[in-house]
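Each chain is listed here by its residues.
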Amino acid sequence: MRVEFREASVDDEGVSPHKYRVAGYLRPKTLAMLLLGFSSGLPFYLVGNTFGFWLRDEHTSLTAIGFLSWVASPIR
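What counts, and at which threshold
Residues numbered from 1 in each chain as written. Predicted model: local features only at pLDDT ≥ 70, side-chain atom pairs only at ≥ 80, totals over all residues. Heavy atoms only, no water. Helix = DSSP H or I, 4+ residues; strand = E, 2+ residues; numbered from the N terminus. Areas by Shrake-Rupley, 256 points an atom, 1.4 Å probe, with all protein chains shown as cover. Axes fitted to C-alpha atoms, helices over the stretch in contact; angles between N-to-C directions. Parallel < 35°, antiparallel > 145°, perpendicular 65-115°, else oblique. Left-handed = near helix turned anticlockwise from the far one by under 90°. Contact = heavy atoms within 4.5 Å. Phe/Tyr/Trp six-rings, centres within 6.5 Å; stacked < 30°, edge-to-face > 60°. Buried < 20%, exposed > 50% of the residue type's maximum accessible area, 1.4 Å probe, protein only. Patch = residues over 30% accessible without salt bridge, like charges linked within 9 Å, V, L, I, M, F, W, Y side chains within 5 Å. Salt bridge = Lys/Arg side-chain N within 4 Å of Asp/Glu carboxyl O.

Focus: the overall build of the chain
Then, number 1: Counting its regular elements, the chain contains three helices and zero strands.
Then, number 2: Counted from the first residue to the last, the chain has its helices and strands arranged as α-α-α.
Then, number 3: In the structure as shown, the chain presents an accessible area of about 7400 Å², 64% of it carried by carbon and sulfur atoms.

A short note on the packing of helix α2 (residues 28–57) against helix α3 (residues 62–72)
Then, number 1: At a minimum axis separation of 10 Å, α2 and α3 run at an interaxial angle of 160°. On the basis of the axis angle, α2 is roughly antiparallel to α3. As α2 packs across α3, the resulting crossing turns out to be right-handed. Note on element contacts: α3 touches α2 through L62, I65 and L68, opposite F51, G52, L55 and R56.

Some thoughts on the packing of aromatic side chains
Then, number 1: For the coordinates displayed, the defined rule picks out two aromatic pairs.
Then, number 2: Ring centres of F67 and W70 lie 5.8 Å apart, and the angle between their planes is 40°; this geometry places the pair in the tilted category. Here F67 pairs with W70, and both are found in helix α3, just three residues apart, close to one helical turn.
Then, number 3: The exposure class of W70 is exposed, given its relative accessible area of 60%.

Here's the deal with a nonpolar patch on the surface
Then, number 1: Taken together, the side chains of F51, W54, F67, L68, W70 and V71 make up a nonpolar region of the molecular surface, amounting to roughly 670 Å² of accessible area.
Then, number 2: Secondary structure elements with two or more residues in the nonpolar patch: α2 and α3.

Concerning unusual backbone geometry
Then, number 1: A positive phi angle, near 65°, is found at H59, a position not held by glycine.
Then, number 2: Mapped onto the secondary structure, H59 falls in the loop between α2 and α3.
Then, number 3: H59 sits in the exposed class, given a relative accessible area of 73%.

Structure (structure tokens):
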């Protein structure tokens, strides 16, 4: 399998080369992957923060909360 990379032509006057770099992220497949990546990490963040607040509200010691966060860190 051979993959070729081609540079985008920047022959147009007045068009910034940065526009061509950003254009790759605006493709539908790339946007879908960015959205899926963001949405897959969001639940871990929300559950982790909510769990910490809930434990603190139940008067759990900060040492225990820190230990639970340390134990759960490889999961994230």
